[in-house]
Amino acid sequence: MIRVQREKFDIGAEIEALTTGRTDIGAVVSFTGLVRDFNDGNKVTGLSLEHYPGMTERELAKIEDEARGRWDIQECLIIHRHGKMALGEPIVLVVTASPHRRDAFEAAHFLMDWLKTKAPFWKQEMNASGEVNWVNERESDLEAAKRWSSDT
Amino acid sequence: MKILYFAWLKAKLQMTEEVVSCSDERRDTDSLVRWMKKRGPAFEEVFSDLEVVRIAVNQEYITGNTTLSEGDEIAFFPPVTGG
């Protein structure tokens, strides 16, 4: 399941909604990305995220399909926010559920690594002097995504 | 054809989207980019380093030159930084 939204989300409520009434799920893994107050040694005071409506949902759905093809996951939820966000607020949530922990762990890790390099979102950081800068792509994110390429 | 710009490309070009017709000089993505570069200093700057410009046609990433036709949606944007 894919959700692209402006509003904040409640991690606990999302996990509960996914697992309530289910007795076949043995493992739930969640990853939450938060707005932090520094980047590349600079102080950050706020974040804004732009995205490409339409293509964002398509890319996220493709990433979910890929994960479902590679691992035995019973449930998969990706929530990604856009718009303005304050420090400490959640940006992204990935939840995976599987009968055993390994599939849920690996699928969640994969989903985040691929999402970072494929989903059309762009971060803009605000600093203390009121300047706004576009965030640069990270080499480490590209390396992390590449790790899953030969796994098929 | 609808052309969309995102992130710093949008800011530098001061444009979110525009409509251009499909013509001989805009028949594929390579020729479209060549045409873009000749539109003025801002366009020349934005398209000077194609290593930092990603292209999507009809909301799918393209890797090589892609044929265009009327009604296509072409998007230009920088490497993504979500998550």
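Definitions and cut-offs
- Within each chain, residues carry numbers counting from 1 in the order of the written sequence.
- To read the labels, note that chains go from A and ligands from 1, taken in the order they are written.
- Only residues with pLDDT of 70 or above have their local features reported here, since the model is predicted, and side-chain atom pairs are shown and tallied only from 80 upward, although totals for entire chains, interfaces and linings are computed over all residues.
- The side-chain figures draw on all heavy atoms in the structure; neither hydrogens nor water molecules are used.
- By the criteria applied, helices consist of DSSP H or I runs no shorter than four residues and strands consist of E runs no shorter than two, each listed in order from the N terminus.
- Note that the radius of gyration is over C-alpha atoms, with the globule rule given as 2.2 Å times the number of residues to the power 0.38.
- Type-normalised accessible area, obtained with a 1.4 Å probe on protein chains alone, sets the label of each residue: buried when under 20%, exposed when over 50%, and partly exposed for intermediate values.
- A contact between two residues is defined here by any heavy atoms of the two lying within 4.5 Å.
- Each nonpolar core is a collection of buried residues, namely Ala, Val, Leu, Ile, Met, Phe, Trp, Tyr and Cys, held together in the definition by side-chain atoms within 4.5 Å.
- Strands qualify as paired when DSSP identifies two bridges or more between them.
- For helices, the fitted line uses only the C-alpha atoms of the stretch in contact; every axis is such a line through C-alpha atoms, and the angle between N-to-C directions lies from 0 to 180 degrees.
- What a helix is expected to span follows from its residue count: subtract one and scale by 1.5 Å.
- Think of it this way: Lys and Arg go in the positive column, Asp and Glu in the negative one, and His and the chain ends go nowhere.
- Salt bridge, as used here: a side-chain nitrogen of Lys or Arg that lies within 4 Å of a carboxyl oxygen of Asp or Glu.
- Polar contact is defined as a pair of N or O atoms within 3.5 Å, subject to the rule that within protein one atom must be able to donate a hydrogen and the other to accept it, and that residues adjacent in sequence are counted only when both atoms are side-chain atoms.

Notes on the overall build of chain B
Check the secondary structure of chain B and you find 3 helices and 5 strands. Ordered by position from N to C terminus, the α and β elements of chain B give β-α-β-α-α-β-β-β. Taken over C-alpha atoms, the radius of gyration comes to 12 Å for chain B, in line with the 12 Å a tight globule of 83 residues would show. Seen through its C-alpha atoms, chain B measures out along the principal axes to roughly 35 × 30 × 20 Å. The buried share of chain B, reckoned over its 83 residues, is 49%. Long-range contacts, defined as pairs at least 24 residues apart, comprise 53% of the intrachain contacts of chain B with a sequence gap of at least 6.

Focus on the nonpolar core
Residues V94, F110, L111 and L115 of chain A are the most contacted members of the largest nonpolar core, which totals 28 residues. Broken down by secondary-structure element, the contributors of at least two residues to this core are strand 2 (27-34), strand 5 (46-51), helix 2 (55-70), strand 6 (75-81), strand 8 (90-98) and helix 3 (101-118) of chain A. For this core, the element with the highest residue contribution is helix 3 of chain A, accounting for 8 residues. When near neighbours in sequence (up to four residues on either side) are disregarded, L115 of chain A contacts L60, I63, I78, H80, V92 and V94 of chain A together with G83 of chain B. Residues V20, V33, V46 and I62 of chain B belong to the second largest nonpolar core, which totals 20 residues.

Examining the sheet that holds strand 8 of chain A
All names here are of chain A. Pairing within the open sheet is mixed, and its 4 strands lie in the order 1-6-8-2. Each of the sheet's edge strands pairs with one partner strand only, and the pair in question is strand 1 (2-5) and strand 2. On average, adjacent strands in this sheet sit at an angle of 10° to one another, irrespective of strand direction. Sheet analysis places strand 1 next to strand 6, joined by 4 bridges and oriented parallel. Pairing of Q5 across the sheet is with R81, part of strand 6. Strands strand 2, strand 6 and strand 8 of the sheet are contacted by helix 3, whose axis makes an angle of about 150° with strand 8.

Points about helix 3 of chain A
Residue and element names in this part refer to chain A. Between its first and last C-alpha, helix 3 extends 26 Å over 18 residues, near the 26 Å set by a 1.5 Å rise per residue. Inspection of helix 3 places A104, A107, A108, F110, L111, M112, D113, W114 and L115 among the buried residues, and these make up the whole buried set. Where helix 3 is buried, its residues contact strand 2, helix 2, strand 6, strand 8 and helix 4 (139-146).

Some points on the side chain of D72 of chain B
Locating D72 of chain B in the fold gives a position in the loop between strand 4 (60-61) and strand 5 (73-77). At 11 Å, R58 of chain A is the nearest oppositely charged side chain to D72 of chain B, a buried residue that forms no salt bridge. A distance of 3.1 Å separates polar atoms of two side chains, one belonging to D72 of chain B and the other to N58 of chain B. From its side chain, D72 of chain B meets the backbone nitrogen of S69 of chain B in a polar contact 2.8 Å long. Not counting residues within four places of it along the chain, the set of residues in contact with D72 of chain B comprises M1, K2, V57, N58 and T67 of chain B.

Looking at the environment of S98 of chain A
Residue and element names in this part refer to chain A. Tracing the backbone shows S98 in strand 8. When the C-alpha atoms of S98 and D24 are compared, they prove to be 8.4 Å apart, with 74 residues separating the residues in sequence. Beyond its immediate sequence surroundings of up to four residues, S98 is in contact with I25, G26, A27, D72, I73, Q74, D103 and A104. A polar contact is formed between the side chain of S98 and the backbone nitrogen of A104, at a distance of 3.1 Å.

None of this, on its own, says anything about what the molecule does.
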